[in-house]
Each structure stands twice: as structure tokens, then as C-alpha cells.
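One letter stands for each residue in the lines below.
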Amino acid sequence: MDLQRRTLLAIVSCVLIWLVYERFFAPPLPEPQAQQQVEAKKTEADAKAAEERAEERKAAAAAPKVPVAEHRLKTELLALDVTNHRGLVRGTELLSKHFINPDGKGEDFLKLDGNRSLVIGFDGSETDFKFPRDPAWEPTGQSDTQWAVAFKNGDVEVKGTLDLTTGYEGTLTVDVANRSAETQQHRLTLLSAYSIGGENSYDIHRGVCATADDWEAYTPSDVKDSSGEVRGRIRWAALDSKYFASAVVPAPEVAVQACRVGQSSDGKALTTTLAVEPVTLAAGESHQYVFGVYFGTKELERLEKFQAVPGVHLEDMIDWGWFGGLNRILGEWMIWLLRAFYNLTGVWGVAIILLTIVVKVLTLPLTFKQMRSMKKMREIQPELEDIKKKYGEDRVRQAQEMQALFQRAGVNPLAGCLPMLIQLPIWIALYATLNTAVELYRVPFLWLPDLTQQDPYYILPLAMGALMYIQMKATPSGVDNEQARMMAWMMPIIFTVMMLFLPSGLGVYIFANVLLSLIQTLIQVRPTQTAAVKKS
């Protein structure tokens, strides 16, 4: 097996493993050791005992019942359905025309289905006053962009005020006042929720906890049996899917010490709970907490320009793939170009095709070099086979003779693979760009009802497989004929199977790319074939 074949197969294997991993597998959970299991159970038992003690204290202070009240807050892009029962947010509605459903209502991406988000609470084990699990929040003020509620008893008064500011942004202010005659300690908690009912293999929901230096993400399967927790100074916490996100960002003066990701009691929602550093208040003293909130699309510019709490880098929740910063640079450029082509044509499917053409043109010198190298390798293939047969038992002499042949023919065995390595970050960035572009959400193109969903008729995968087979047959190969025939069948079949489940926007790109590659191959190979015919 020559060096070029090994390198080529290694690259192809890496790409295939990555794609198959993205489609079929999730990171395996580490197997806990027995001692870790014992400690985890003990910690969980202690937490439950503390919670039970806290509940006993809370039950002693039964608050008067307050009628359920509901209201709607609106900006130009977002409407929040708010309430005074169990939590502040019970539903969302995206108001942009892009997200309007056939029934005339905007997309409710949280889909809470009875659960609540922005639930104000207190850690009973570190709070002196009694705070019910379901406090009787009394509405104290409302407007088109503001909702205010309050709870009070003989020991404490808690006020919550939710303000929508602009776009998908807002702020949540929580005021805690000590109404007793003694010093009190409390630890504020804030729970957010996001339904996991619409999750699929290409739209995994996550709970993300970001610290000053890093972030940790948990999927529903990660926290099915026990919650995941990140400790340290928390920068922000988010619940997201591929295209939408809900985030809570503490103001700089709010010291959030822990972020816990779990599931709701009914298992229908993923949750994050922020736990603020304990605060001690003297009699009559009060303390205020301010959080920025975000309910909307995962558009790069909006996340970068989050104004409620500047400089927190919400855009870090966008997954750019293997090459991180490089992919982000390439991805930002591709998103800009994709939008420019859409503004020019008014059709997102055509914009994807034009973007594919631009990427193909920019990488044309590399692919030309790759094709020339493969043609040279094919020309000296008979001589390589003779060397292998002649020095089959003497590997050292075989390698020396092959290297001498490469020098005489002016061939670099790696020249056909190096262009592919250089293009790999571009391909992955384009994959990530199209795979997370919310602009394609529910956008039809030709027979495709939604560019973020798979082709319902499998036309694109089958057509791509046929074109790829033709291209493989037409492309010069540095391997022997039997291996070339095997690759000509295997590669189209593997990519066709994977494309059956890819979002059709990616399918449009892959089909267009294979078609352009086939055209390039036919143009570049044809003169050589014509010359060979004339010579004969």
C-alpha cells in the first residue's frame, strides 16, 4: 500500500467518522467508580434531607391564595406570556414573519407545556426565612414591556420585575427585603426551562453553564439520572437547541456560584438552576439582583451584541466544529456571503448554490493541483507495481526504488492529499454554517418543504450518489484498478446513506459541490484522454 493511498484513506476515514459520529452517536457517559457512586448517593441523600427540612419550614408559613393572573409582554420580535403562578414565563412567541406558523401564530420555541421558566426561589438549607415552593405572587404592575410581582410575609418581601427592552432581550430584577427584627441569610436561586419534546438527532437540546474561562454543556441523556453541576463564578447559563436559545446572564455585581442542569419533575423539560452567593441582611435591609435575559434565535450578531449585560460572549454557545476559532472566522464570512446572495436572489436555496460555487472557485487552484498529482501517480502506477513485485520481500530496497521513481517523474506522493487537508477546515466551517443558520428554518426550496429538515422524498441523496459514482469513475486514481473500483462503489453508497438524514440545506450544498467537482474532473481529464487517443 503506497503512502498516497494510506494518507488519502486516513483523511477519508476521518471525515466519514466525524460525519457518522455527528449523525448516530453521542459522547458516552463515563462509568462511575463504586466509591463515586456511594459518595454521589450520600450527597443526594443529604440534599434530599435538607430539602425536606426546608419544606417543613415552608409548609409552616402557608401563604394566602392569590388568583392566577396572566399578561403578555412584547417587543418588535418577541412576545412573552407571563404569569404569577409558579414562575414568570409560561410561553414565548417569535413575531418575525419568518417564524409565523400556518395558524397565524409565531413559533413558541420553549414549548413549556405546563412548566415554567424564570422561577424565583431560595435554597432552603441556606435561607433563614420561610419561602413556599409555590408562593402567592401578587401582581403589582404591568405594561406592554413590564411585569412585576411580589410576595411577602412577616419575615421577608420579595419583588420580581421582568422588563423586555429590545429584540429578544430583557432584564429580570429581584429585590429581597428583610421585614423581620433579626439578621437574615438567604441564597437566591433562579430556574429556567426548555422543552425537550421536539428533540431529534440533528437538533439536540443542551443546558450550558459558562464560567469566566470555559463552558460545559449537558444533553438530556447526560442528566437523565442525576443533575450536572458547574461551580465557580458563572458567566451565563443557557438552554438551547440548534436554532434557538434561552439564556440568563447575571450582572457583574451578582455573584453566581453554581449552575445546575437537570430535568423537570415530569421529564418534559431541560432546566438550569443558578445559585447565587448567600447574602446576609440586617433588620430592615434589602438587596437587589439584576439578570439579563435572552429568548430568541441563535443569530451570531444578536448574541455578540447582547446589551443587557455587555461583554459576556453569548455567541460562545454556537458550535463551530473541530477547528474552533478558525471555523468561526470562516463561518462568519460564509454567513455574510450567504445573506448577500439571498438579498440578491431572494431564494435561500439559490443562495446556498451560489455560496457553493464561490467556495469551489476559491479552492480551484488546490483541486487542480490535487488532480494533476493524481494523474501523474496514475501514469507511473505500472512502474510502481513492477517495483513492488520485483522487491516484494525487501521493503527497504522497495522504498528506495519507489522514492527514486517519484524523483524521476517529478511526483510528490503527498501532493494529492495536501490540498484536501487544507480544504478540510473550509468544508467543516461550511457544514457548521449551514447546519446552524436559523435563516434556513422552515424555508422551502423546489420540492423541499424545509431546508433544515431531511429531504422527504430522498431525491437529493440518490441523485448525489449517482453523480458521485460518475465522478469517482472519471477521476484519476493512484491506486490499482481493483481498489479504484471498490472505492467507486463504496464512497457513493456511504455518502448517500448519510445524506438520507442530513438537513436538506446541507444536501443542496453537497449535491452542488459534487456536480461542480464532476464538471471540473471532466474538463481537466478530457484533454489528456484526447491526446492519448491521437497518440495511439
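Residues numbered from 1 in each chain as written. Predicted model: local features only at pLDDT ≥ 70, side-chain atom pairs only at ≥ 80, totals over all residues. Heavy atoms only, no water.

Q: Which parts of the structure should I look at to understand the overall build of the protein?
A: For the protein, the helix and strand inventory stands at twelve helices and 19 strands. For the protein, with 536 residues in total, the buried portion stands at 49%. Considering only contacts within the protein whose residues lie at least 6 apart along the sequence, 66% involve residues at least 24 apart. If you sum the accessible surface of the protein, you get close to 26600 Å²; carbon and sulfur atoms cover 56% of it. (Helix = DSSP H or I, 4+ residues; strand = E, 2+ residues; numbered from the N terminus. Buried < 20%, exposed > 50% of the residue type's maximum accessible area, 1.4 Å probe, protein only. Contact = heavy atoms within 4.5 Å. Areas by Shrake-Rupley, 256 points an atom, 1.4 Å probe, with all protein chains shown as cover.)

Q: Mind showing me how you'd approach the state of the cysteines here?
A: Should the sulfur atoms of two cysteines be covalently bonded, the bond is a disulfide. Evaluated as defined, the whole model comprises one disulfide. Shown here is the disulfide that connects cysteine 209 with cysteine 259, its sulfur atoms set 2.0 Å apart. One quick way to see it: the torsion about the S-S bond of cysteine 209 and cysteine 259 is about -60°, and its sign makes the bridge left-handed. Of this pair, cysteine 209 sits in strand S11 (residues 206–211) while cysteine 259 is found in strand S16 (residues 256–263), placing the two residues 50 residues apart along the sequence. (Disulfide = S-S within 2.5 Å.)

Q: Just to check I follow, could you spell out the environment of aspartate 316 for this structure?
A: Within the secondary structure, aspartate 316 is located in the loop between helix H3 (300–304) and helix H4 (325–345). For aspartate 316 and tryptophan 215, which are 101 residues apart along the polypeptide, the C-alpha to C-alpha distance reads 8.4 Å. Once residues lying within four places of it in the same chain are set aside, the contact partners of aspartate 316 are Trp215, Arg235, Trp236 and Arg328.

Q: So what exactly am I meant to see when it comes to the sheet that holds strand S5 (residues 138–142) here?
A: Strand pairing in a sheet relies on backbone hydrogen bonds. The paired strands run either parallel or antiparallel. Ordered by their spatial adjacency, nine strands build an open sheet running S5-S6-S7-S8-S19-S15-S14-S11-S12, and the pairing between neighbours is antiparallel. If you trace the sheet from one side to the other, it starts and ends with S5 and strand S12 (215–218), each paired once. Between one strand axis and the next, the sheet turns by 15° as a mean value, whatever way the strands run. (Pairing = 2+ DSSP bridges. Axes fitted to C-alpha atoms, helices over the stretch in contact; angles between N-to-C directions.)

Q: Sorry if this is basic, but what is going on with the pairing of strand S19 (residues 286–297) here?
A: Note on strand geometry: in a regular strand, side chains alternate between the two faces of the sheet. Sheet topology note: the strand S8 (residues 169–178)/S19 ladder contains nine bridges and is antiparallel. Each residue of the ladder has a partner; that of glycine 170, found in S19, is valine 293. Pairing analysis gives seven bridges linking strand S15 (residues 244–250) to S19, with the strands arranged antiparallel. In the sheet register, phenylalanine 244 faces S19, and the bridge partner there is threonine 297.

Q: How should the pattern of salt bridges be read in this particular structure?
A: Side chains that differ in charge, positive against negative, can pair when their charged atoms come close. Throughout the structure, instances matching the rule amount to 15 salt bridges. Here glutamate 301 makes a salt bridge to arginine 339, at a shortest N to O gap of 2.5 Å. Here arginine 339 lies in helix H4 and glutamate 301 lies in helix H3, a separation of 38 residues in the sequence. Judged by relative accessible area, arginine 339 falls into the partly exposed class, the value being 21%. Within this structure, Arg72, Asp81 and Glu93 form a network of salt bridges that share partners. (Salt bridge = Lys/Arg side-chain N within 4 Å of Asp/Glu carboxyl O.)

Q: Mind showing me how you'd approach unusual backbone geometry here?
A: Backbone phi values are negative for most residues with the exception of glycine, while trans is the configuration of most peptide bonds. In the Ramachandran plot, histidine 313 falls in the positive-phi region, its phi being about 60° despite a non-glycine side chain. Mapped onto the elements, histidine 313 comes out in the loop between H3 and H4. Residue class for histidine 313 comes out partly exposed when judged on its relative accessible area of 43%. One non-glycine residue with positive phi stands out, namely leucine 446, at about 55°. In this fold, leucine 446 is placed in the loop between helix H9 (418–436) and helix H10 (459–474). According to the relative accessible area criterion, leucine 446 is exposed, its value standing at 67%.

Q: When you look at the packing of helix H7 (residues 381–390) against helix H8 (residues 395–409) in this model, what are you seeing that I'm missing?
A: Two measures define how a pair of helices packs: the angle their axes make with one another and the distance between the axes. Between H7 and H8, the shortest axis-to-axis distance is 9 Å and the interhelical angle comes to 160°. With respect to H8, the element H7 is oriented roughly antiparallel. Handedness of the H7/H8 crossing: right-handed. For the pair H7 and H8, the contacting residues are Glu383, Leu384, Ile387 and Lys388 in the first and Gln398, Glu401, Met402, Leu405 and Phe406 in the second. (Parallel < 35°, antiparallel > 145°, perpendicular 65-115°, else oblique. Left-handed = near helix turned anticlockwise from the far one by under 90°.)

Q: Sorry if this is basic, but what is going on with the side chain of histidine 71 here?
A: Summarising the element assignment, histidine 71 is placed in strand S1 (residues 70–74). A distance of 2.7 Å separates a polar atom in the side chain of histidine 71 from the backbone oxygen of serine 143. If we ignore the near neighbours within four places in the chain, the residues touching histidine 71 are Leu80, Asp81, Val82, Gln142, Ser143, Gln146 and Trp147. (Polar contact = N/O pair within 3.5 Å; in protein donor to acceptor, adjacent residues only side chain to side chain.)

Q: Got a minute to help me understand H10 in this structure?
A: For the α-helix, the turn length of 3.6 residues means that residues three or four positions removed from each other point alike. Along its 16 residues, H10 runs 23 Å from first to last C-alpha, staying within 8% of the 22 Å computed at 1.5 Å per residue. Of the positions making up H10, those classed as buried are Leu460, Pro461, Met464, Gly465, Leu467, Met468, Gln471 and Ala474. (Expected span 1.5 Å × (residues − 1).)

Q: I keep staring at a nonpolar patch on the surface and nothing clicks. Help me out?
A: A cluster of nonpolar side chains, Leu446, Trp447, Tyr457 and Ile459, forms an exposed patch at the surface whose accessible area comes to about 450 Å². Note that tryptophan 447 resides in the loop between H9 and H10. Look at tryptophan 447 and you get partly exposed, because its relative accessible area is 32%. (Patch = residues over 30% accessible without salt bridge, like charges linked within 9 Å, V, L, I, M, F, W, Y side chains within 5 Å.)

Q: I'm lost on the sheet that holds strand S13 (residues 228–231) in this one. Help?
A: Sheet architecture is open: five strands sit in the order S4-S10-S17-S16-S13, paired in antiparallel fashion. Both outer strands of the open sheet, strand S4 (119–122) and S13, are each paired with one neighbouring strand and no more. Adjacent strand axes in the sheet meet at a mean angle of 20°, parallel and antiparallel pairs treated alike.

Q: How should the confidence of the model for the protein be read in this particular structure?
A: Segments scoring low in pLDDT should not have their predicted coordinates read at a detailed level. Averaged over the protein, the pLDDT score is 81; the fraction of residues at 70 or greater is 78%. Predicted confidence is poor over residues 1–10, with pLDDT under 50, and the contacts of this stretch with residues over four places away or in other chains come to 18 contacts. The low-confidence segment residues 56–63, where pLDDT is below 50, has 15 contacts with residues more than four positions distant or belonging to other chains. (pLDDT = per-residue confidence, 0-100.)

Q: What is the right way to read the pairing of strand S2 (residues 78–83) from this model?
A: Summarising burial for S2: six of the six residues are buried, a large majority. Burial along S2 is two-sided: Leu78, Leu80 and Val82 and Ala79, Asp81 and Thr83, pointing in opposite directions, are all buried. Across five bridges, the pairing between S1 and S2 is antiparallel. Within S2, the residue paired with leucine 73 across the bridge is leucine 80. Both S2 and strand S3 (residues 89–94) contribute to a ladder of five bridges, which runs antiparallel. Note that in S3 the partner of alanine 79 across the bridge is glutamate 93. Hairpin connection, S2 to S3: the antiparallel pair is bridged by five residues, and arginine 86 has positive phi, about 75°.

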